[in-house]
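Here is what each chain is made of, one letter per residue.
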Amino acid sequence: MMDKNVFRCVECNEQATELHRDYSNGILTITICGSCQKPVDKYIEYDPVIILIDALLCKTQAFRHILFNTTLNIHWKLCVFCLLCEAYLRWSLLPGSEQSRDPADIIRYTKEWEFYGMFGLAALELAAFCTSVLLFLWLVVVHVQHRSLDFSLLLRALLLSCYGKVLVIPAVIWEHDYSPLCLSLIKLFVLTSNSQAIRVILNSSRRLSLTAVCVGLLSETCTAQVCRRLQQSVQDMLT
Ligand SMILES: [Zn+2]
């Protein structure tokens, strides 16, 4: 199922060599964890919808199942999809971009480049967030706690835990006055998921994961501010 035959118990984070045992007479039994005496991964029997609900509730067990015991490799596709949604939402909130619903409105089409700009900005902010979180954790985990850090696993966890940005789709479909509020709530949910994913991957304290997310958010906000200033000064120079 996986390259490295190492799974994790979703209850106690102990390593396990298998999730279930397949007997030759067609009987499958779920492996019991030697440490906590509970099933290593109860979710292998569960419906994906229930796993998704538990992930939405930020349950540690569901995060361990997804991040350690599955080969879910949609993080890059999910990342691009989320960025496209976010770019469209930001673009639709720009002044002047929704004044006319006429498909023949030439101004709306000439504003298309602004959409790509928003996409680039969202991608840059995400890159700043991930880079600073990884840097911060590298400093703390490797240099202070003297533990090893798997960057690719952590990046996959960070990107997968951004799945909450998909909630932007309803905000895009039902354009309304509360879009900025929705965006803030979605942001809060995504940051909570990010924090939980870091906590699960590193098996660390909640304080460390929350600090890492705050460092990431700070870096993301600074990047957004710098980009806004740059854009303003370019516009001032042109006018
Ligand atoms: Zn266990």
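This structure is a prediction, so every number in the text was calculated from the model and none was measured.

Digging into the side chain of Ser161
On the secondary structure map, Ser161 appears in the loop between helix H6 (151–160) and helix H7 (168–173). Relative accessible area serves as the criterion here: at 2%, Ser161 is assigned to the buried category. Side chain to side chain, Ser161 and Asn194 meet in a polar contact 2.7 Å long. When neighbours within four sequence positions are excluded, Ser161 is seen to be in contact with Phe63, Val190, Ser193, Asn194 and Ala197.

What about the domain arrangement of the protein chain?
By the assigned domains, the protein chain splits into domain 1 (7–69) and domain 2 (75–238). A straight line from the C-alpha centre of domain 1 to that of domain 2 covers 31 Å. For the pairing of domain 1 and domain 2, the buried interface totals around 1100 Å² over both sides, and the portion due to carbon and sulfur atoms is 68%. When the area that domain 1 buries against domain 2 is broken down by residue, the three leading residues are Cys58, Phe63 and Leu67, summing to 48%. Here domain 1 and domain 2 share zero salt bridges between them.

Reading guide: rules and limits
- Residues numbered from 1 in each chain as written.
- Predicted model: local features only at pLDDT ≥ 70, side-chain atom pairs only at ≥ 80, totals over all residues.
- Heavy atoms only, no water.
- Helix = DSSP H or I, 4+ residues; strand = E, 2+ residues; numbered from the N terminus.
- Buried < 20%, exposed > 50% of the residue type's maximum accessible area, 1.4 Å probe, protein only.
- Polar contact = N/O pair within 3.5 Å; in protein donor to acceptor, adjacent residues only side chain to side chain.
- Contact = heavy atoms within 4.5 Å.
- Domains from an automatic or database assignment.
- Buried area = accessible area lost by both parts, 1.4 Å probe.
- Salt bridge = Lys/Arg side-chain N within 4 Å of Asp/Glu carboxyl O.

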